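# Descriptive analysis of the structure
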Amino acid sequence: MLTINNLSVHYGGIHALKGINLEVPQNKIVTLIGANGAGKSSTLKSIMGLAKASGGSIKFNGEDIVNKPTTNMVSKGLVLVPEGRRVFSNLTVEENLFLGAYLRKNKEEITKDLNWVYELFPRLKERVWQKAGTLSGGEQQMLAVGRALMSKPKLLMMDEPSLGLAPLIVKDIFGIIKEIHRNGMTILLIEQNAKAALEVADYGYVLETGSITLEGPGKELMVNDEVQKAYLGEHK
Amino acid sequence: MSFQTFLQHLVNGISLGSLYALLAIGYTMVYGILRLINFAHGDIFMLATYIAFYSITTFLLPWWAAFLIAIILTALLGILLERAAYRPLRNSPRISIMISAIGASFLIENLAIVFFGGRPKAFPIAPIFSKIVRIGDVSISIVTIIIPIITVIALVILNFIVNKTKTGMAMRAVSKDYDAAKLMGININHIISFTFGTGSALAAIGGIMWALKYPQLIPLMGVMPGLKFFIAAVIGGIGNIKGAVLGGFILGLGEIAIVASSPALSGYRDAFAFILLIIILLVKPTGLLGQNSAEKV
Ligand SMILES: Nc1ncnc2c1ncn2[C@@H]1O[C@H](COP(=O)(O)OP(=O)(O)OP(=O)(O)O)[C@@H](O)[C@H]1O
Ligand SMILES: [Mg+2]
C-alpha cells in the first residue's frame with residue numbers, strides 16, 4: 001500500500017534520513033522503532049509532506065506522492081497522529097473531532113464515525129464541550145487518535161501514541177490500535193515502547209541515525225539479540 | 001453638563017468606538033493567524049474610501065452599489081496584499097515580514113498620492129445620510145446612529161463565521177498550530193486569504209462609514225487612525241476579537257469623554273490613545289482580554 005524507496009531528508013546541514021526503504025502492506029500493522037533522534041518522526045513527516053524529502057520516492061497505492069501538499073495526502077487517506085498529540089487546545093473536544101472530518105462531505109457517515117469514536121473512547125463523550133487544552137495527557141492522546149479516525153484513514157500513522165502515558169492507558173491505547181486494525185485499518189506505528197509495538201506489529205523496522213539497520217516480522221525482532229539489548233533493555 | 005449633552009456625547013462616543021472596533025478587528029485577526037502586525041491595514045481602510053469615492057463620482061454609481069463594490073474590491077486588495085507582501089516571507093524571520101508590512105504601507109500611501117492626488121477630496125454624501133434626527137432635545141446625524149447598528153450587524157455575522165462555521169473552525173485551528181491544521185487537510189493558504197479578505201471587508205465597511213462622518217479624503221488618512229485601530233486591538237488583547245471590540249469602544253468613548261469634559265483638553269485627544277496604550281502595556285501587557293501567551297508565539 002505504501003512503498004518508500006531510498007528516501008532522504010535533510011534539515012539544513014543535518015542529514016536526518018539517509019535513504020531508507022520501507023513497505024507497508026494493506027491491512028497490516030508495521031512498526032518503526034529506534035532511539036531518540038533516529039529519524040522516525042522525520043519519516044512520517046516526509047510521508048505527509050510536512051518535511052521536504054531531498055531524494056527518493058514515496059508511493060501510495062502506486063501513485064507517487066513525494067513532496068505533495070499535505071491536504072492531498074489527507075484526501076487520499078493518509079492520516080497522521082502527530083508526536084505530542086497537537087490537539088487544538090482552544091477548540092472543544094467535539095470541534096477537534098469535526099476538524100478531523102474537515103475534507104469529508106457526507107454528513108451521515110461523519111455522524112456514524114463520530115459515534116464510533118465515542119464508543120472507542122467513552123471518556124471523550126463525557127467531555128464533548130470541554131476545551132481540548134484542559135484535557136489530561138491521556139485524554140488528549142485519545143482525542144488525537146479519535147480526530148485522526150474522523151479523517152477516515154486508509155493508512156493510519158501514529159507517532160509515539162503511548163508517550164508519557166500511564167501503563168494502564170498505554171494498554172488501552174494499544175487495545176484500541178488492535179481494535180481499529182481488526183476493522184481493516186492499515187497502520188504504521190512509531191514507538192519508543194518497542195515491546196508493546198513489536199507485540200502488535202506484523203512487521204518491524206529498526207531505524208538508527210537515519211538508516212534502517214534491521215527488519216523482520218514483529219515476533220522475530222522481539223527475540224533478536226540486538227533488539228533485545230538496545231530496545232527491550234534485556235541482558236542475556 | 002446637561003443630560004442632553006451627555007446623551008449626545010455618549011452617542012458620539014459609541015459611534016466612534018464602533019469604527020475603532022471594526023478596524024481593530026482586522027489587526028487582531030491577522031495577528032491571530034500570522035502573528036503579524038499588518039501595518040498596511042490603515043492604508044487598506046484609506047483605499048476603501050477612495051474606491052467608494054470614484055465609484056460614485058467617476059462611475060456615477062448609486063451610493064449602495066458604490067459601497068458594495070468598495071467592500072468587495074477592498075477585500076480582494078487585502079488578499080492581494082498578503083499574497084504579494086507576506087506569503088513569500090512566511091517562513092522567514094518575523095522581522096523580515098514586519099519590515100515588508102511597513103514597506104507595503106509606504107508603497108500604498110505613495111501610490112495613492114500619485115494616483116489620487118495629494119489634495120483632499122470631498123466624499124459625496126447621499127442626502128439620506130445627511131439627515132438629522134431629533135430625539136427629544138438631542139439632535140443626532142443619521143450617520144452617527146447608523147454606524148453602531150451596522151457595526152453590531154457586522155459583528156454578529158463575524159461571530160457566526162468564526163464560531164459556527166467550518167471555515168471559522170479552521171481559522172481557529174490554523175491560528176493555534178499550522179502543521180496540525182495541515183494534518184486535518186486544511187489548506188492554510190486559503191484560510192489565511194479568507195482571514196485577510198474578511199478583515200479588509202470590515203476595514204472597508206468602517207472606512208465608508210468613517211468617510212460619511214468625516215467626509216474628507218486624503219491619501220494619508222489611514223495613518224493616524226490606523227495607529228489608533230492598532231492601539232485599540234492591543235488594549236483589548238491582540239489576537240482576541242472580543243478584545244478588539246472592547247478596546248475599540250474604550251478608546252472611542254474615552255476620546256469623546258476627554259473632548260467633552262473640557263474644550264481645553266480637546267487638543268490632547270490623540271495623545272489619549274497613546275497614554276492609554278502605555279498604561280495598558282505597563283499594567284497588563286497582554287491586553288484586557290489577552291491570554292498569557294504561553295501557548296505559541
Ligand atoms: N526541523 C528540524 N530542523 C533541524 N533538524 C531537525 C528538524 N527536525 C528534526 N531534526 C533532526 O533530525 C533528526 C531526526 O529527528 P526525528 O524527529 O525524526 O527523530 P525521532 O526518531 O522521531 O526521535 P524521537 O524518538 O526523539 O521523537 C534529529 O537529529 C533532529 O534533531
Ligand atoms: Mg519523534
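Coordinates for the structure precede this section.
Figured I'd write up the structure that's included with this text. Everything numeric in this text was worked out from a predicted model, so none of it was measured.

### Some thoughts on a nonpolar patch on the surface
Residues and elements named next belong to chain B.
- On the surface, a nonpolar cluster with roughly 650 Å² of combined accessible area is contributed by Met-1, Phe-3, Phe-6, Leu-7, Leu-10, Ile-14 and Leu-253.
- No other element matches helix α1 (residues 3-34), which puts five residues into the nonpolar patch.
- Note on placement: Leu-7 falls in helix α1.
- Residue Leu-7 is classed as partly exposed on the basis of its relative accessible area of 30%.

### Here's the deal with the site of ligand 1
Residue and element names in this part refer to chain A.
- Neighbouring ligand 1 are 14 residues; Lys-40, Ser-41, Ser-42, Glu-83 and Gln-192 lie closest to it.
- Asn-36 places a polar side-chain atom, nitrogen or oxygen, 2.8 Å from an oxygen atom of ligand 1.
- The separation between an oxygen atom of ligand 1 and a polar side-chain atom of Glu-160 is 3.1 Å.
- In isolation ligand 1 offers 630 Å² of accessible surface; the protein chains occlude 64% of this area.
- Of all the secondary structure elements, the ones that give two or more residues to the shell around ligand 1 are β2 (14-24) and α1 (40-48).
- For the shell around ligand 1, the class distribution of residues is five nonpolar, six polar and three charged.

### Regarding the side chain of Ser-41 of chain A
Residues and elements named next belong to chain A.
- By secondary structure assignment, the location of Ser-41 is in helix α1.
- By relative accessible area, Ser-41 is classed as buried at 15%.
- A polar contact of 2.7 Å, which involves the side chain of Ser-41, links it to the side chain of Asp-159.
- Apart from the residues within four sequence positions on either side, Ser-41 is in contact with Glu-83, Asp-159 and Ile-190.

### As for the interface of chain B and chain A
- Contacts between chain B and chain A engage 18 residues on the former and 21 residues on the latter.
- Of all residues in chain B, Met-169, Leu-183 and Met-184 of chain B give up the largest surface area on contact with chain A, accounting jointly for 38% of the area buried on that side.
- Counting across the interface, chain B meets chain A through two salt bridges.
- One salt bridge in this structure joins Glu-95 of chain A and Arg-172 of chain B, with 2.9 Å as the shortest N-O distance.
- If you look at where chain B meets chain A, you find five residue pairs in polar contact (both at pLDDT 80 or more).
- Breaking the side of chain B that touches chain A down by element, the ones donating at least two residues are α6 (166-176) and α7 (178-183) of chain B.
- Across the side of chain B that touches chain A, the residue classes break down as nine nonpolar, three polar and six charged.

### Observations regarding the pairing of strand β8 (residues 186-191) of chain A
Residue and element names in this part refer to chain A.
- Counted residue by residue, β8 has six buried out of six residues, so it is predominantly covered.
- Neither face of β8 is open: one carries Thr-186, Leu-188 and Ile-190, the other Ile-187, Leu-189 and Glu-191, and all of them are buried.
- Relative to β8, strand β3 (residues 29-34) runs parallel, the two being bridged by five bridges. Within β8, the position partnered with Val-30 by the bridge is Leu-188.

### Points about the pairing of strand β3 (residues 138-141) of chain B
Residues and elements named next belong to chain B.
- Because side chains alternate across β3, one face comprises the buried residues Val-138 and Ile-140, and the other comprises Ser-139 and Ser-141, none of which is buried.
- Bridge count for strand β2 (residues 132-135) against β3 is four bridges, and the pairing is antiparallel. Along β3, the bridge assignment pairs Arg-134 with Ser-139.
- Count of turn residues in the β2/β3 antiparallel hairpin: two residues, of which Gly-136 carries a positive phi of about 60°.

Rules of the game
Residues numbered from 1 in each chain as written. Chains lettered and ligands numbered in written order. Predicted model: local features only at pLDDT ≥ 70, side-chain atom pairs only at ≥ 80, totals over all residues. Heavy atoms only, no water. Patch = residues over 30% accessible without salt bridge, like charges linked within 9 Å, V, L, I, M, F, W, Y side chains within 5 Å. Areas by Shrake-Rupley, 256 points an atom, 1.4 Å probe, with all protein chains shown as cover. Salt bridge = Lys/Arg side-chain N within 4 Å of Asp/Glu carboxyl O. Helix = DSSP H or I, 4+ residues; strand = E, 2+ residues; numbered from the N terminus. Buried < 20%, exposed > 50% of the residue type's maximum accessible area, 1.4 Å probe, protein only. Near = heavy atom within 4 Å. Polar contact = N/O pair within 3.5 Å; in protein donor to acceptor, adjacent residues only side chain to side chain. Nonpolar A, V, L, I, M, F, W, Y, C, P; charged D, E, K, R; others polar. Contact = heavy atoms within 4.5 Å. Buried area = accessible area lost by both parts, 1.4 Å probe. Pairing = 2+ DSSP bridges.

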